[in-house]
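Understanding the architecture of this molecule
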Amino acid sequence: MRQLHRLNGVARRRARPTRPDWRMPVCAAEAGYGLKMEKWGLTMAQLTRRPLFNPQGDSDVRLRRMVGGNTTNLNDFNNMKYAWAKDWYRQAMNNFWVPEEINMNPDIRDYPRLPKAERTAYDKILSFLVFLDSIQTANLPAVGEYVTANEVNLCLTIQSFQECVHSQSYSYMLDTICSPLERDEILYHWRNDEHLLRRNTFIGEQYNALQTDPELFTLLKVMMANYILEGVYFYSGFMFFYNLGRNGRMPGSVQEIRYINRDENTHLWLFRSIILELKKEEPQLFTPEREQILRAMMEEGVRQEIAWGHYVIGDEIQGLNRQMVTDYIRYLGNLRWTSLGFGTLYEGCEQEPESMAWVSQYANANMVKTDFFEAKSTAYSKSTALVDDL
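Note that the coordinates shown come from a computational prediction; the quantities given were computed from them, not determined experimentally.

In this section: the overall build of the protein. Per the secondary structure count, the protein includes 13 helices and 6 strands. Scored against the burial criterion, the 390 residues of the protein give a buried share of 55%. Across the protein, the fraction of contacts at a sequence separation of at least 24, relative to all contacts at a separation of at least 6, is 75%. Summed over all atoms, the accessible surface of the protein reaches about 17,200 Å², with 51% contributed by carbon and sulfur.

The end-to-end C-alpha distance of helix 10 (residues 251–281) is 45 Å, a good match for the 45 Å that 31 residues give at a rise of 1.5 Å each. When you tally the buried positions in helix 10, you get 26 out of 31 residues, the bulk of the element.

Turning to the packing of aromatic side chains, a few remarks are in order. When we look at a pair of aromatic rings, we describe it by the centre distance and by the angle of the planes. Evaluated as defined, the whole model comprises 17 aromatic pairs. A centroid spacing of 4.2 Å and a plane angle of 25° characterise the contact between Trp 337 and Phe 342, whose relative ring orientation is stacked. Here the guanidinium or amino end of Arg 246 rests over the ring plane of Trp 358, the centre of that ring lying 3.9 Å away. Lying across the ring of Phe 217, Arg 290 places its NZ or CZ 5.0 Å from the centre.

All right, on to the packing of helix 7 (residues 194–212) against helix 8 (residues 216–233) then. Contact geometry of helix 7 with helix 8 gives a least axis separation of 8 Å together with a crossing angle of 150°. If you check the angle between helix 7 and helix 8, you find them roughly antiparallel. Here helix 7 runs over helix 8; the crossing is left-handed. Where helix 7 approaches helix 8, its residues Arg 199, Phe 202, Ile 203, Gln 206, Tyr 207, Ala 209 and Leu 210 are matched on the opposing element by Thr 218, Leu 219, Lys 221, Val 222, Ala 225, Asn 226, Leu 229 and Tyr 233. The residue makeup of the contact of helix 7 with helix 8, split by class, is 10 nonpolar, 3 polar and 2 charged.

Between helix 8 and helix 10, the shortest axis-to-axis distance is 9 Å and the interhelical angle comes to 150°. When the axis of helix 8 is compared with that of helix 10, the two are roughly antiparallel. Viewed along their axes, helix 8 and helix 10 form a crossing whose handedness is left-handed. In this structure, helix 8 contributes Leu 220, Met 223, Met 224, Asn 226, Tyr 227, Glu 230 and Gly 231 to the contact, and helix 10 contributes Glu 264, His 267, Leu 268, Phe 271, Arg 272, Ile 274, Ile 275 and Leu 278. Residue composition of the contact of helix 8 with helix 10, by class: 9 nonpolar, 3 polar and 3 charged.

Taken as a whole and judged by the stated rule, the model has 1 cavity of 30 Å³ or more. Considered as a void within the structure, the largest cavity measures approximately 40 Å³ in volume. Around the largest cavity, the lining residues are Arg 64, Leu 74, Asn 75, Asp 76, Phe 77, Asn 79, Met 80, Asn 150, Glu 151 and Leu 154. In the lining of the largest cavity, the residues fall into 4 nonpolar, 3 polar and 3 charged.

All right, on to the nonpolar core then. Formed by 109 residues in total, the largest nonpolar core has its most connected members in Met 66, Tyr 122, Met 224, Phe 241 and Ile 329. No other element matches helix 8, which puts 13 residues into this core.

Here we take up unusual backbone geometry. At Asn 73, a position not held by glycine, the phi torsion is positive, near 70°. Not every positive phi belongs to a glycine, and Met 250 is a case in point at roughly 50°. Tracing the chain through its elements places Met 250 in the loop between helix 9 (235–246) and helix 10.

When pLDDT is averaged across the protein, the result is 84; 82% of the residues are at 70 or more. Taken together, the stretch residues 1–44 has pLDDT below 50 and engages in 94 contacts with residues farther than four places along the chain or on a different chain. Confidence drops under pLDDT 50 across residues 369–388; counting only partners more than four residues distant or on other chains, this segment forms 33 contacts.

Here we take up the environment of Val 98. Relative to the elements of secondary structure, Val 98 occurs in the loop between helix 2 (83–93) and helix 3 (105–110). Through-space distance from the C-alpha of Val 98 to that of Glu 256 is 9.5 Å; in sequence the pair is 158 residues apart.

On to the pattern of salt bridges, then. Under the definition given, this model contains 16 salt bridges. In this structure, the salt-bridge partner of Glu 282 is Arg 65, at a minimum N-O distance of 2.5 Å. Here Glu 282, found in the loop between helix 10 and helix 11 (288–312), pairs with Arg 65, found in the loop between strand 4 (42–43) and helix 2; they are 217 residues apart in sequence, far enough to count as distant. Taken as a pair, Glu 282 and Arg 65 share a single burial class, namely buried. Several salt bridges share partner residues, and in doing so they unite Asp 175, Arg 183 and Asp 184 into one network.

Attention shifts here to helix 9. Over its 12 residues, helix 9 extends 16 Å from the first C-alpha to the last, a length consistent with the 16 Å expected when each residue adds 1.5 Å. Here helix 9 lies mainly inside the structure; 10 of its 12 residues are buried. Just past helix 9, the residue Gly 248 takes up positive phi, approximately 75°.

The next subject is the environment of Ser 273. Relative to the elements of secondary structure, Ser 273 occurs in helix 10. Note on Ser 273: relative accessible area 9%, which makes it buried. On a C-alpha basis, the gap between Ser 273 and Tyr 82 in space is 9.4 Å, while along the polypeptide they are 191 residues apart.

Parameters at a glance
Residues numbered from 1 in each chain as written. Predicted model: local features only at pLDDT ≥ 70, side-chain atom pairs only at ≥ 80, totals over all residues. Heavy atoms only, no water. Helix = DSSP H or I, 4+ residues; strand = E, 2+ residues; numbered from the N terminus. Buried < 20%, exposed > 50% of the residue type's maximum accessible area, 1.4 Å probe, protein only. Contact = heavy atoms within 4.5 Å. Areas by Shrake-Rupley, 256 points an atom, 1.4 Å probe, with all protein chains shown as cover. Expected span 1.5 Å × (residues − 1). Phe/Tyr/Trp six-rings, centres within 6.5 Å; stacked < 30°, edge-to-face > 60°. Lys NZ or Arg CZ within 6 Å of the ring centre and 35° of its normal. Axes fitted to C-alpha atoms, helices over the stretch in contact; angles between N-to-C directions. Parallel < 35°, antiparallel > 145°, perpendicular 65-115°, else oblique. Left-handed = near helix turned anticlockwise from the far one by under 90°. Nonpolar A, V, L, I, M, F, W, Y, C, P; charged D, E, K, R; others polar. 1 Å grid on protein atoms, 1.4 Å probe; cavity = no way out; pocket = protein on both sides within 12 Å on 5 of 7 lines; lining within 4 Å. Points joined across faces, edges and corners; volume = space filled by probe spheres on them. Core = buried A, V, L, I, M, F, W, Y, C linked by side-chain atoms within 4.5 Å. pLDDT = per-residue confidence, 0-100. Salt bridge = Lys/Arg side-chain N within 4 Å of Asp/Glu carboxyl O.

Below is the structure:
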């Protein structure tokens, strides 16, 4: 059955999806809500950007909302509705690091000596990681235009800055070990490799949808795409670099990735917290039908990450194989999905595989500490240890 859908005064005819599909937005009018929240100028089918100057905004923190609030945009650090945002902000600020402070001289020696499979994987994975952090830098301000909790926008701004630092680190790595021509080929390899392009398209289309169809559920899907990117998409790449480390190769690159991984843990924490707040504030977004769409997104992200790991790592790299990639990424898919309060995706993959325990050891956020002002390893930490339960 087809329904008439009206958005921004334009009537459009759209078929109801017959199965959960992360590519097709399901708006509230189609789900039978049609609720208009007059106070916030928001309908279930349409979002409006928060005004930058709003003297009539609410100053009462009890009225603050993640989306659809009436914000003044005043950053008041003493009055925050979401207490976790203050902890996140301080943790992220204390994670500051400088890519150029990491010694890459051993990598200059190691890179030309890498076996062909490892060097190819190094190049392809860096190309993918560069794209992910670059599109995150562009996407986060777009998300922030619809977030009306000032303290959460502060966190998104810091995350955007950290994504810039990550892109800087990849450039530093490539500038150190490659010629300018090789560097440019690696940076733009994702345009010509069909596997890379297909992966980037999955996330990129979700982000673009918010630009052309700014609906509340579209925003939630963009947030879920962020959660998948930070919590699943990076990890075949991370495990590859950590495998280099345990084989005594490319120590500078490994250390750069460890700092990036530490930041990504906090980014994952941020988007999980946002989604959990939306579950409380906007329960109509989490109907069984819509949960199935979100689940399909997570499953697609896991499927693509496994396929990517099989393609770029395969069975040709010492210390890794396809089965290890599959088991670990399915475990991560379960961990990310259950952390949002949902059930298990992959039976039998609830525990971290014993064969991959070394990944967690390398990624341990509380072991990545450096005093950059002295340029040497120390017990650098200005804040309490990061509790990483993601």
